[in-house]
Amino acid sequence: MKIGFLTSGGDCQGLNAALRGVAKTLFGAVPYVEIFGIEDGYRGLINSRWRKMEQHEFSGILREGGTILGTSRQPFKTIRDFDAASNEDRLTTMVRNYHNECFDALVILGGNGTHKTAYALSQCGINIVTLPKTIDNDIYCTDYSFGFDSAVAKATDVLDTLHSTAAAHGRVFVCELMGRKAGWVALYAGIAGGADVILLPEIPYTVDSVLEVIHKRNRSGKNFSIIAIAEGAMTRDMAEKPKKERKAGDISPGQELVRALENRLDQQDVRLVIPGHFQRGGDPTPTDRVFCSRLGAMAGELVLKRKFGYMVALQGSSIGAVALSEVAGKLKTIPVENEVLKQARLLGISLGE
Ligand code: F6P
């Protein structure tokens, strides 16, 4: 068997642990397996950049961040673009390269964009098994994606650390966390890190409601407040505008909130912290390492059984397989009826409503 491994999209913790899990399962089961590492995501498949990998290359990488294969973003909308050099679109190039190399299957690790392309490739007849990767935790049909737990741990660490300096100065800290369309990281890290306010893309907020929390805390003798805001959060006024009219780019949602609070808080300093890619780097947590290993083992098993066109997924406490057609093109944002939202409110955390 000749299998290509590929990691695509933004990196996250656990990619190497997952690759190792698939490789161990395949090498352990069949003596004649050959694994090829495709470099830098779909870009490597388009440009025929891959190398045969030996078993030992998957050793000692369980806790390493990043990806030993490299990754890149290849937006789905560009894969049907015509490329003058090859005289065809990129999807056709990938399919041709796959067949020229006589691959039996591809194991693809990625997020939402990656899954759209994976599904398009599988519709062209390519044998594919995928693994759900993203700190955003917004992949459909899986309770969690790997990288999420590690990113929450990093973001929580930031919020924990901010408490002492916030209390020392009696300040308001706004911490902008990753998540443009889905606020899972902000929600979980906000709860774990004791945030007083959590602002999410799914729930438009008002500055008044945030100020109310700050004033209430001050009145009760707590001289500081911690606000976790997802990078996709927006005010109710903004959310009511048509998408095209929502301004983007010049300042981030965190900066915008800090500006609004500064204008209305004359007795208290407001500071912004943006941990950014810190959330995606470093070691995976033990939970992610176990999760990646389990996903990897299941993905390896699917390949061995020649069960293709599936993503391995966590559903309840079991790892199963879901058809790519169910996953591709869908986004798992936080549903309004989500239990964790309800419990956050019961805990007295404001969601800016
Ligand atoms: O999709 C993962 C993610 O980390 C998002 O949370 C974030 O908005 C985005 O990627 C950042 O992308 P880039 O690494 O390309 O700056």
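Now for a quick tour of the structure. Note that the coordinates shown come from a computational prediction; the quantities given were computed from them, not determined experimentally. (Residues numbered from 1 in each chain as written. Predicted model: local features only at pLDDT ≥ 70, side-chain atom pairs only at ≥ 80, totals over all residues. Heavy atoms only, no water.)

**Concerning the site of the ligand**
Here is the rule we go by: Think of it this way: one heavy atom of a residue within 4 Å of a molecule or strand is enough to make that residue near it. Between N or O atoms, a polar contact is any pair within 3.5 Å; within protein, one atom must be a potential hydrogen donor and the other a potential acceptor, and residues adjacent in sequence are included only when both atoms are from side chains. Computed with the Shrake-Rupley method and a 1.4 Å probe, the accessible areas treat only the protein chains shown as cover for residues. Note on residue classes: Ala, Val, Leu, Ile, Met, Phe, Trp, Tyr, Cys and Pro are nonpolar, Asp, Glu, Lys and Arg are charged, and everything else, Gly too, is polar.
Around the ligand, the surrounding shell consists of Arg 73, Ile 135, Asp 136, Met 178, Gly 179, Arg 180, Glu 231, His 277 and Arg 280. The separation between an oxygen atom of the ligand and a polar side-chain atom of Glu 231 is 2.4 Å. A distance of 2.8 Å separates an oxygen atom of the ligand from a polar side-chain atom of His 277. Compared with its free state, where it exposes 400 Å², the ligand has 76% of that area covered by protein. The residue makeup of the shell around the ligand, split by class, is two nonpolar, two polar and five charged.

**Some words on the pairing of strand 6 (residues 105-110)**
A regular strand places its side chains so that they alternate between the two faces of the sheet. This is how the line gets drawn: Categorising residues by exposure relies on relative accessible area from a 1.4 Å probe, with only protein chains included: less than 20% of the type maximum marks a residue as buried, more than 50% marks it as exposed, and the intermediate range marks it as partly exposed. Numbering goes from the N terminus for both helices and strands, where a helix is a DSSP run of H or I of at least four residues and a strand is a run of E of at least two. Strands were regarded as paired on the criterion that DSSP finds at least two bridges between them. By convention, a crossover is right-handed whenever its connection, traced from the first strand over the helix to the second and viewed with the strands pointing away, goes clockwise.
Counted residue by residue, strand 6 has six buried out of six residues, so it is predominantly covered. Covered by surrounding structure in strand 6 are Ala 105, Val 107 and Leu 109 together with Leu 106, Ile 108 and Gly 110, the residues of both alternating faces. The sheet contact formed by strand 1 (residues 2-7) and strand 6 spans five bridges and is parallel. Looking across to strand 6, one finds that Gly 4 is bridged to Leu 106. Here five bridges tie strand 6 to strand 7 (residues 128-132), and the two strands are oriented parallel to one another. Residue pairing for strand 7: Val 107 is matched across the bridge by Val 129. The parallel pair strand 6 and strand 7 is bridged by helix 4 (residues 112-123), and the resulting crossover is right-handed.

**Here's the deal with the nonpolar core**
We apply this condition: Remark: nonpolar core denotes a set of buried residues (Ala, Val, Leu, Ile, Met, Phe, Trp, Tyr, Cys) joined through side-chain atoms within 4.5 Å.
Membership of the largest hydrophobic core comes to 69 residues, with the highest contact counts inside it found for Ile 3, Phe 5, Phe 58, Leu 131 and Phe 146. Core analysis: the next-biggest nonpolar cluster, separate from the first, contains 26 residues, Leu 6, Leu 45, Leu 106 and Met 311 among them.

**Here's the deal with the environment of Leu 347**
Relative to the elements of secondary structure, Leu 347 occurs in the segment after helix 12 (339-346). On the basis of relative accessible area, Leu 347 is assigned to the exposed category, the value being 62%. Leu 347 sits 151 residues away from Asp 196 along the chain, and the two C-alpha atoms are 9.7 Å apart.

**What to know about the packing of aromatic side chains**
To be explicit about the condition: Two aromatic rings, drawn from Phe, Tyr or Trp (for Trp, its six-membered ring), form a pair once their centres lie within 6.5 Å of each other, and the interplanar angle then sorts them: stacked below 30 degrees, edge-to-face above 60, tilted otherwise. Throughout this description, the term charge over a ring refers to an Arg CZ or Lys NZ atom that lies within 6 Å of the ring centre and within 35 degrees of the ring normal.
Throughout the structure, instances matching the rule amount to eight aromatic pairs. Ring plane angle 65 degrees and centroid distance 5.9 Å describe the contact between Phe 5 and Phe 58, whose orientation is recorded as edge-to-face. Of the two residues, Phe 5 is situated in strand 1 and Phe 58 in the loop between strand 3 (50-53) and strand 4 (82-83); the sequence distance between them amounts to 53 residues. Phe 58 matches Phe 5 in its accessibility class, with the two residues each being buried. When the centroid spacing of 6.4 Å and the interplanar angle of 55 degrees are considered together, the rings of Trp 184 and Tyr 188 count as tilted. A residue pair is termed a helical-turn pair when its members lie 3 or 4 positions apart in one helix, as Trp 184 and Tyr 188 do in helix 6 (residues 184-192) at four residues. In this structure Trp 184 comes out as buried when scored by relative accessible area, which is 6%. Within the aromatic cluster, the residues linked to one another by ring pairs are Phe 36, Trp 50, Tyr 98 and Phe 103. A cation over an aromatic ring shows up here: Lys 154 above the ring of Phe 278, its NZ or CZ 5.0 Å from the ring centre. Its guanidinium or amino end placed over the ring of Trp 184, Lys 332 lies 5.3 Å from that ring's centre, counting from NZ or CZ.

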